[in-house]
Amino acid sequence: MATIAIIGPGAVGGVIAGWLTQRGGHTLTLCARRVLGKTVVELSSGPVTLTAGALTDPAAAHPVDWVLVTTKAYDAAGAAAWFPGLVGPATRVAILQNGVEHRERFAAWLAADRIVPVMVDCPAERPAPGRIVQRGAIKMAVPQGEEGGRFVELFAGTPLAVTPVADFKSAVWRKLCHNSAGVINALLLKPAGVFQDEAIGRLAREIVRECVAVARAEGAVIEEGVPEAVLAAYRAAPADSVNSLQADRAAGRPMEIDARNGAIVRFGRKHGVPTPCNETAAILLAAM
Ligand SMILES: NC(=O)c1ccc[n+]([C@@H]2O[C@H](COP(=O)([O-])OP(=O)(O)OC[C@H]3O[C@@H](n4cnc5c(N)ncnc54)[C@H](OP(=O)(O)O)[C@@H]3O)[C@@H](O)[C@H]2O)c1
C-alpha cells in the first residue's frame, strides 16, 4: 500500500483517482489549484465519489511514496511548485502526459532517475466542475525495469492495463503519430467528422508521415502503414468527438501544441527531417 499524490485532478487525474479510490488500500491526496467540491467520477464500472484529501496550497503538502502528475504539459511549472513539499528522498514521480519529452519537461526540477514517464491512453472528460467521465478503456505503458514495475503494482486489482515495455520511446512516438493529426480539429474547430473529407484526409496523412519520419530518425520503431491507420481511426471515431487541443482552443485555454506538433518540428530540425505541415499548423495555432 502506498501514499499517492495526484497533481492536477482533471480528466485523467480524476479517472485515475476514481479507480484508486474504488480499489482501496492506498492513501490518496489530490493536489488541485482551486478548491474541489464533491467530485463524482463516472467510471466504466459506475460512479465513484472521490473521498481523498484535497490540497490547494503546495506549502501544506508532505512527502509521499508516489506523485502522479496529470496536469497538461503546459502547466509543468505549476505542477513543479508541489514538488518541494511532496517529494522526499524515496518519492517517485510519474508523469502521465502526452508528448515524448516527459523527463525533459521536468528536468529543471527533478533528476531524470526520479521520474517515471508514462504513456497514457485514457479517454476522459470533465464536462462540468465536480463531474469527470471515463470514455473508454485505460491503457498505460511505462519503461520496463524496477520503477516501472512498482508503478504497475499501484494499479493491481484495477482493470487498468498498465504495461512495462522494453521500447518506451517507440510507444510514445506511436501515440504522438496518432495525436499529430488532431491539430486539424483545433485549427478548424471541427470535431472528428471533418476527417471524412478527402482533402483533409490527405493533409492528415501528410502530418502523420512527417511524424513517422521524425520518430524513426529519433530511433523509434514505427510500423509501415501508420498514416493510413491513424486516418482510419479518426474516421471511425464518432463524428462529434472533440480532442483536447480543440477543446482547449474552444475554451480559450492554452494548448499542448508545443508538446505535440511543436515537438515534431523541434526533433525534425535536430535530425534535418523536414516537417512543413506540422510547422505550419503549429505556427498558425500558436498565433491564434
Ligand atoms: N483527457 C484525455 O482523454 C487524455 C487522454 C490521453 C492523454 N491525455 C493527456 O493527459 C494529460 C492531462 O490531460 P487532462 O485531459 O486530464 O487535462 P485536464 O482535464 O485539463 O486536467 C488537468 C488538471 O490539472 C490542473 N492543474 C493545472 N495546473 C495545476 C497546478 N499548478 N496545481 C494543481 N493542479 C493543476 C487543472 O486545474 P483546473 O481545473 O484549474 O484547470 C486540471 O484540473 C495531458 O497531457 C493530456 O494530453 C489526456
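For the structure itself, look to the data block above.
Conventions and cut-offs
Residues numbered from 1 in each chain as written. Predicted model: local features only at pLDDT ≥ 70, side-chain atom pairs only at ≥ 80, totals over all residues. Heavy atoms only, no water. Helix = DSSP H or I, 4+ residues; strand = E, 2+ residues; numbered from the N terminus. Rg over C-alpha atoms; globule rule 2.2 N^0.38 Å. Buried < 20%, exposed > 50% of the residue type's maximum accessible area, 1.4 Å probe, protein only. Near = heavy atom within 4 Å. Polar contact = N/O pair within 3.5 Å; in protein donor to acceptor, adjacent residues only side chain to side chain. Areas by Shrake-Rupley, 256 points an atom, 1.4 Å probe, with all protein chains shown as cover. Nonpolar A, V, L, I, M, F, W, Y, C, P; charged D, E, K, R; others polar. Phe/Tyr/Trp six-rings, centres within 6.5 Å; stacked < 30°, edge-to-face > 60°. Core = buried A, V, L, I, M, F, W, Y, C linked by side-chain atoms within 4.5 Å. Contact = heavy atoms within 4.5 Å. Pairing = 2+ DSSP bridges. Axes fitted to C-alpha atoms, helices over the stretch in contact; angles between N-to-C directions. Parallel < 35°, antiparallel > 145°, perpendicular 65-115°, else oblique.

Draft legend 1. Inspection of the overall build of the chain at higher detail. Looking only at helices and strands, the chain has twelve helices and twelve strands in total. A globule of 288 residues ought to have a C-alpha radius of gyration of about 19 Å, and the chain, at 19 Å, matches this closely. Dimensions of the chain, computed from the C-alpha atoms along their principal axes, are close to 50 × 35 × 35 Å. In the chain, which comprises 288 residues, the proportion classed as buried is 50%.

Draft legend 2. Local environment of the site of the ligand. Surveying the vicinity of the ligand reveals 26 residues, the closest of which are Arg33, Arg34, Asn98, Arg126 and Glu256. A distance of 2.7 Å separates an oxygen atom of the ligand from a polar atom in the side chain of Arg33. One nitrogen or oxygen atom from the main chain of Ala124 is found 3.0 Å from an oxygen atom belonging to the ligand. Here the ligand loses 88% of its free accessible area of 900 Å² to cover by the protein chains. For the shell around the ligand, the elements supplying multiple residues, two or more each, are helix 1 (11-23), helix 2 (76-80) and strand 9 (124-128). Residue composition of the shell around the ligand, by class: twelve nonpolar, seven polar and seven charged.

Draft legend 3. Seen up close, the packing of aromatic side chains. This structure, assessed with the given rule, holds six aromatic pairs. Note on Phe106 and Trp109: the rings are 6.0 Å apart at their centroids and 55 degrees apart in plane angle, and the pair reads as tilted. Assessed through its relative accessible area of 40%, Trp109 is described here as partly exposed. Seen from their ring centres, Trp173 and Phe267 are 5.5 Å apart, and the 85 degrees between their planes marks the pair as edge-to-face. Of the two residues, Trp173 sits in helix 6 (residues 168-180) while Phe267 sits in helix 11 (residues 261-271), which places them 94 residues apart along the sequence. Exposure class is identical for Trp173 and Phe267. Each is buried. One aromatic cluster is present, built from ring pairs that chain together Trp66, Phe151 and Phe155.

Draft legend 4. Here's a closer look at the nonpolar core. The biggest cluster of nonpolar side chains holds 39 residues, and the ones touching the most others in it are Trp173, Val183, Ile184, Phe195 and Ile222. Elements with a minimum of two residues in this core: helix 6, helix 7 (183-188), helix 8 (198-218), helix 9 (226-236), helix 11 and helix 12 (276-287). Other than its neighbours up to four places away in sequence, Trp173 contacts Val100, Cys211, Val214, Ala215, Glu218, Ala220, Ile222, Ile264 and Phe267. Ile6, Val15, Ile16 and Cys122 belong to the second largest nonpolar core, which has 31 residues in total.

Draft legend 5. Highlighting the sheet that holds strand 3 (residues 40-43). What the four strands build is an open sheet, ordered 4-3-10-9; its pairing is mixed. At either margin of the open sheet sits one strand with a lone partner, and together these are strand 4 (46-49) and strand 9. Across this sheet, the average inter-strand angle for adjacent strands is 25 degrees, counted without regard to direction. With four bridges connecting them, strand 3 and strand 4 associate as antiparallel partners. Bridge pairing links Glu42 to Pro47 in strand 4. Each of strand 3, strand 4, strand 9 and strand 10 (131-134) touches helix 1; the most contacted strand, strand 3, lies at about 80 degrees to it.

Draft legend 6. Spatial organisation of the packing of helix 8 against helix 12. Viewed as axis vectors pointing N to C, helix 8 and helix 12 meet at an angle of 105 degrees, and their least axial separation amounts to 8 Å. Taken together, the axis directions place helix 8 and helix 12 in an arrangement best described as roughly perpendicular. Across the interface between the two elements, Leu203, Glu206, Ile207, Glu210 and Cys211 of helix 8 pack against Pro276, Cys277 and Asn278 of helix 12. Looking at the contact of helix 8 with helix 12 residue by residue, the classes come out as five nonpolar, one polar and two charged.

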